[in-house]
Every structure is written in structure tokens, then in C-alpha cells.
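One letter stands for each residue in the lines below.
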Amino acid sequence: MFQKEEMAANGTGVTSPRTPLKSILTEKAKGIPNDSAGTVKAQTIEELHSLQRKRSAPNTPLQGTAGAFANLSEDERQRQQLQSISASLASLTRGTGPKVIRGDPGGGKYQAVSHVAHHHHHIEAPVISVSDSSLKFTHVLYNLSPGELYEQALKYEKGSFLTSTGALATLSGAKTGRSPRDKRVVIDDTTQDELWWGTGSPNIEMDEHTFMVNRERAVDYLNSLDKVFVNDQFLNWDPKNRIKVRIVSCRAYHSLFMHNMCIRPTPEELENFGTPDFTIYNAGQFPCNRYTHYMTSSTSIDINLNRKEMVILGTQYAGEMKKGLFSLMHYLMPKRHILSLHSGCNMGKDGDVALFFGLSGTGKTTLSTDHNRFLIGDDEHCWSDDCVSNIEGGCYAKCIDLSKEKEPDIWNAIKFGTVLENVVFDEHTREVDYTDKSVTENTRAAYPIEFIPNAKIPCFGPHPKNVILLACDAFGVLPPVSKLSLAQTMYHFISGYTALVAGTVDGIKEPTATFSACFGAAFLMLHPTTYAAMLAEKMQKHGATGWLVNTGWCGGSYGSGNRIKLPYTRKIINAIHSGSLLKATYEKTEVFGLEIPNEIEGVPKEILRPENAWADKEAYKNTLLKLAGLFKNNFETFTEYKIGEDKKLTEEILAAGPIF
Ligand SMILES: Nc1ncnc2c1ncn2[C@@H]1O[C@H](COP(=O)(O)OP(=O)(O)O)[C@@H](O)[C@H]1O
Ligand SMILES: C=C(OP(=O)(O)O)C(=O)O
Ligand SMILES: [Ca+2]
Ligand SMILES: [Mn+2]
């Protein structure tokens, strides 16, 4: 247990008061009044420095003997917390192993506390490194604050820098995006029947034993380190359906990223945190063993629903943690009859809520972050019988070509506390060049949602009125906006289309169509029709209107046309929110059968109808038919499925695709 003498011996406890030395006055100084207020109370330099940092619970462990009563319970709390963390990190196949103690090995500001119940004396951190892992100590940096994490990153992690606006610039290493091919899900008696496997599914199977092999590898790696970061946080703002998550990681960057992205507990909530519902072991700096069964590269992201654990090896891209937890929610929430959504969400002053679905880069974050509306969340939500709630506590915005004029709220959110991934900055001024793609095109900013001035906190709201499906159509044939019937909404939701221009190689780049069921197949755990049926039911019940918005090209495909200007898309979105677009007159398009409004205030009439915007009408028609064919091929896999109990709706959905 924790003992006072040992604390004093460690240099951080109380020392016996010394008699201050008498000051010597020189002849010269005699005329100058003694400014007693300018003398510090500290007796030593260490003490002086310790005064600089005000103690606070719960992130900074208590030092000294302030408040005997509070101290006791704090010790006990810390002991329990450490027991829980070391249980998390225990090797499950060996009797002995590294021990977890609290604090930073290098900092000296943290107090080492022995957690091992049967050790009644304090054990000091080893001075020499020992090869016997049972003698090894791993320090836990538990729920550190952004300031503490900045210091850790700047001091120990190469590639960490302060930018001119106070953000923490980091590098995610070799991987600058997710590795969906390296994702594995444990197949067991339960998941075999419950989950979506096979063609089109993101869930590639792995057996329980292999999961344990990777888990052991991750845990051993984490335990071999001098320190690990532990975040205990929440998912889902709906208090009835909150999930407790623990993230064990090796980098301050990862800890700060999750601090920003998950919901941050209050000190009281942290005190009563208890056992997490799910734990991530992020040993991303360390590769998996490619000779292990099921491994096809040195990266592996493994989910075990039965053990409520996720293991990350061989990738430091922080988005894996965020989207791994999203996959978990896609499993847990439908079990509670709650629909999990890959969407942004915001609310107007009158309480009208809109959802923004779309694949990566289509505008969920950009368009849900709207200065005239309250932001509920930018990427992951739950729709229950009571409300729509954000799963996360932060946003993850793309930064490529970010401009202050077009996206002021995101721009201003990039300040102290924000993690800026893989951006390039001026070595001297530390000003970020958002146009620079030298590291990657997928540059990102992760910030707490309250960095957006009009965030709706707590992040939930009433049932949605509008469901906006975003597609960045690089073919340039989908209209900038169309109103959808329920069947059309379901057809496009299940299709999950977008077409981006991949790569930055010189020469002409063909747009490539991507179809991703429910606008996020990569994160689905159950068959897409499960989610689709729930969406249809909810939209019907609450009378929500579906819209298809093309945030991509118009007047031609990528190369000849241009991307629709963001201010125009914002005007379109405003007309949806205000209800004015619902009252417009419409005309139906051929092939896709989409209802296009005849006019929208502030948007040039000629861009509303794609064929009018294209100079080459024949090229337009050919491109349109090409895309329609791609839609048809993609939907083939779904034609055998029923969507919910409503047979009529299923038939309507099948008929709601392109006809040619
Ligand atoms: N018309 C437009 N509508 C939406 N986004 C646009 C438009 N034109 C350009 N963009 C850019 O496209 C990107 C959309 O990315 P983002 O909102 O992060 O997508 P998501 O959150 O869906 O992954 C942003 O960089 C944004 O500036
Ligand atoms: C973080 C991601 O989300 P998005 O690109 O949709 O913002 C991702 O897909 O890796
Ligand atoms: Ca996403
Ligand atoms: Mn986004």
C-alpha cells in the first residue's frame, strides 16, 4: 500500500520545515524597499516548480498530504483503477508479467503507487532494465489532460510540433488512412449467425485462438514499454445507452486523439467508472506476425465481440480506433432496437434536425458544421425511439485545402487541444499550409465538439425531419439536389454511392465509382438490410423527407467539369432545412427518375439540371448510362433480400433504381 515515508523518500512528500536564512542587505540595496510580496514561499527549486502546477483531480495524481480524508479515498480509488488497468493488461497465458504503476517514468511529477494488493511495501521503478518481464514496471498515464499530453508528445514523440494556432501537429507514420483489408472479426458460435459475412461484407473472419495470439503480442508489446496511456471514456450522448470504453495506447498522440473524439467523463463520472464495456489495445507501433494464421500483412485490426476487445497492430492511423468503436456500436445498438448511422447531424433554431449520410469526403463534416445551426455531430449517430444522439465527443475534419473563408468554424477549431494529423507547416512560423499534400491528401484535424461555437451540448436532438444523402459524383451526372421518395431513399441508402478521383498521378484520372452499403459498409456488423429496414421504419414513422445531394462535379466529369461550389451546396442545404425546397415545383429526370427542383434562390438555374450544364449532350447521355449500369450491377446482390416486414416497400425499392 501507499505509505507516507516512501513518498517523502521519493522527494515529493512533505519535508521538515526549515528556518529561512536571514537576508543579507548590501549597502546599495539599503535604499530600496524590501518587496516582500516578490519572495516565493518555496524553499527549493523543486518546490517552486511544484507550485507552478496546481493540483487537480482526477488526471493528476495527488502528491503530498493535502486533505487526509480526501487523500485516503483518492488512494483507494487509484488503487482500484490500477488493479483494473493491470487486469486489462495481464497476459492471459502466463502467471507472471509486467506490473502497472501509475505515473510517468521520466517526469518525476507523478507518484509511483504500487497496486499489487499483496505487496505491502512500495516498490520503486527499476533503475536498470531487466530482462525478466515479471520485474518490469509499466507506468500508466491515466486520462491525462491535453496540456499533459502535449508535453508528452513534444518531449518523446518524433514528428510532434506546436503549430502557430496552438494545435498539436503529429505524424501517423506509414499509414495515413484506414486499412479495411486488415480488419478481422472473431467468428464464434454467436457471431457466426449474427454477423454479416461473405461477399461485400467488411468482416473477414478470424478464430478466437488467433485473436489471443495477437492480443498477447499487443499486450506484451505494451508491457515492454516504460509507459502506456489509458483513456477511460464514453460513447453515445444518450444517457440510457452510454457505452464505457477503455483505450490503452502507446502514444500521447493517440491518447489526445481519443480524448478529443470520445465523450470526456467528468471527474465524478471517472470516479465511478468501474469496468469498461469494451477495451482497445493499440500497439500500432508494433507489427503483427505475418506467419500467424489469417494475417496477410503486418497490419491487423482485430475485433472480438465476445471478449469485448479490439487489438491494433501495425498501424498508427488514429482513425482505426474511432471507426473500430463505430463498428462496435453497429453491433450493440441494433440489439437495443437503436439504429446506428454513418452520418453527420445538425439542428435548426426551431428544433428541425437533419441527417447527412455519405462516404468519406462527401461533406458530412463540412455541411453539418453550419454557422446558422446547432451541431449535434459530424460522423456517427444513434437513432432511438426517443432521439438522435451523437456517439462521439469530437469531430474529425478533412483539412486538405481548408480555407478560413469557406469553413470558418472548422478553421477556428484548429487551436490548442486539436490534433492535426499529417499536415505540412512552415518550419519557422509554424503556419500550416493546408494545400500541401506532401505527406498525404488525407490530412485531418481532431477536435472536441465544443470547439465548434454552436455545438448542441449535450449532443442529442429530436427525430430528424430531413435525411440528406450525399454523393460526390465525379462523373458529374447526378443533379446537385433531388427530392426522393421513401423507396428511392432506401435504394440510394443501400447503394451508398460516391465517386471520387483517386490518386495524384499525373495525366487524366478516371473517376471510380464506389458503392458502400448504408454509406459505410466498412463499419457494418449486421447485414445492410437490417439497418435499411430500421431507417425506412423510422423515416415513415416520423415523416422524414429524403434528399440526394451531389457535392461532386457538374457541367462534365472530373477533368472537364468543375466541383460544385461549396456556397451553392450550402444554399441548397439551406433550402432543404427551411422547408422552402419542399414547396418547389419539380421535374423528373430520365434514367434515374429523380425529382429536380426548377429553381433554388441563390443557385444558378443551369446547374440544377445536369444535362443543361454539359456542353456535350451525347457525352452526358453516355456517362449517365454508364453510371446507371454501375448502379444496376451493384444492386444485384440485394435483389434477393427483403427489407423489413413490408413486402410492398421491398418491391418499390427494387423498382426505385435507374430504368434504361
Ligand atoms: N460542394 C461541396 N460540398 C461539400 N464539400 C465540398 C464541396 N466542395 C468541396 N468540398 C470539400 O470536400 C470535403 C468534404 O469532406 P468532409 O466534409 O470531411 O467529408 P466527410 O465528413 O463526409 O468525410 C471538404 O474538404 C470540403 O471542403
Ligand atoms: C475517419 C473517417 O471518416 P470520414 O472520412 O467519413 O470523415 C474514415 O472513414 O476513416
Ligand atoms: Ca466516415
Ligand atoms: Mn467526416
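Residues numbered from 1 in each chain as written. Chains lettered and ligands numbered in written order. Predicted model: local features only at pLDDT ≥ 70, side-chain atom pairs only at ≥ 80, totals over all residues. Heavy atoms only, no water.

### Notes on the overall build of the protein
The secondary structure content of the protein amounts to 18 helices and 32 strands. Going through the 660 residues of the protein one by one, you find that 56% of them count as buried. Taking all contacts inside the protein whose residues are at least 6 apart in sequence as the whole, residues at least 24 apart take part in 73%. When the accessible area of the protein is evaluated, it comes to approximately 29600 Å², of which 54% is carbon and sulfur surface. (Helix = DSSP H or I, 4+ residues; strand = E, 2+ residues; numbered from the N terminus. Buried < 20%, exposed > 50% of the residue type's maximum accessible area, 1.4 Å probe, protein only. Contact = heavy atoms within 4.5 Å. Areas by Shrake-Rupley, 256 points an atom, 1.4 Å probe, with all protein chains shown as cover.)

### Re the site of ligand 2
In the vicinity of ligand 2, the residues found are Arg178, Tyr317, Lys322, Lys323, His342, Ser360, Lys364, Asp379, Tyr396 and Arg444. Contact distances for ligand 2 include 2.6 Å between an oxygen atom and a side-chain N or O atom of Lys323. At 2.6 Å, a side-chain N or O of Arg444 approaches an oxygen atom of ligand 2. Bound to the protein, ligand 2 loses 94% of the 290 Å² it would expose on its own. (Near = heavy atom within 4 Å. Polar contact = N/O pair within 3.5 Å; in protein donor to acceptor, adjacent residues only side chain to side chain.)

### Overview of the pattern of salt bridges
Under the criterion given, the structure shown has 21 salt bridges. Here Glu450 and Arg264 are joined by a salt bridge, their closest N and O atoms 3.0 Å apart. Linking Glu450 in the loop between strand 22 (444-448) and strand 23 (460-461) with Arg264 in the loop between helix 7 (252-261) and helix 8 (267-271), this pair joins segments that are 186 residues apart in sequence. (Salt bridge = Lys/Arg side-chain N within 4 Å of Asp/Glu carboxyl O.)

### Looking at the environment of Thr315
If you trace the backbone, Thr315 turns up in the loop between strand 11 (309-313) and helix 9 (319-335). Given the relative accessible area of 2%, Thr315 is considered buried. Along the backbone, Thr315 and Ala283 are 32 residues apart, and their C-alpha atoms lie at a distance of 8.2 Å. The contacts of Thr315, once residues within four sequence positions are left out, are Lys175, Asn282, Gly284, Thr299, Ile301 and Glu320. Side-chain polar atoms of Thr315 contact the backbone nitrogen of Tyr317, separated by 3.1 Å.

### Remarks on the side chain of His139
Considering the arrangement of structural elements, one finds His139 in strand 2 (residues 137-142). Judged by its relative accessible area of 7%, His139 falls in the buried class.

### A short note on unusual backbone geometry
In this structure, Pro458 follows Ile457 across a cis peptide bond, with omega equal to 0°. As for its placement among the helices and strands, Pro458 is situated in the loop between strand 22 and strand 23. With a phi close to 80°, Asn236 is a non-glycine residue in the positive phi region. Here Asn236 lies in the loop between strand 7 (227-235) and strand 8 (243-249). Take Asn236: its relative accessible area is 1%, and that puts it in the buried class. Here the phi dihedral of Asn422 falls at roughly 60°; this positive angle occurs in a residue that is not glycine. In this structure, Asn422 sits in the loop between strand 19 (419-421) and strand 20 (424-425).

### Remarks on the site of ligand 1
Taken together, 16 residues lie near ligand 1, and Gly361, Lys364, Thr365, Thr366 and Glu407 sit nearest. Separating an oxygen atom of ligand 1 from a side-chain N or O atom of Thr365 is a distance of 2.8 Å. Its free accessible area being 570 Å², ligand 1 has 89% of it covered by the protein chains. Broken down by secondary-structure element, the contributors of at least two residues to the shell around ligand 1 are helix 10 (364-368) and helix 14 (566-578). Among the elements that take part in the shell around ligand 1, helix 10 stands out by supplying 3 residues, more than any other. Looking at side-chain class alone, the shell around ligand 1 contains 3 nonpolar, 8 polar and 5 charged residues. (Nonpolar A, V, L, I, M, F, W, Y, C, P; charged D, E, K, R; others polar.)

### Examining the sheet that holds strand 7
Across the sheet, 9 strands lie side by side as 1-2-7-8-9-11-10-5-6; this open sheet has mixed pairing. Sheet topology places strand 1 (99-102) and strand 6 (204-206) at the edges, where each strand pairs with a single neighbour. Here the average twist between neighbouring strands, direction ignored, is 25°. Here strand 8 runs beside strand 9 (residues 278-283); their pairing, made up of 5 bridges, is parallel. Within strand 9, the position partnered with Val248 by the bridge is Tyr281. (Pairing = 2+ DSSP bridges. Axes fitted to C-alpha atoms, helices over the stretch in contact; angles between N-to-C directions.)

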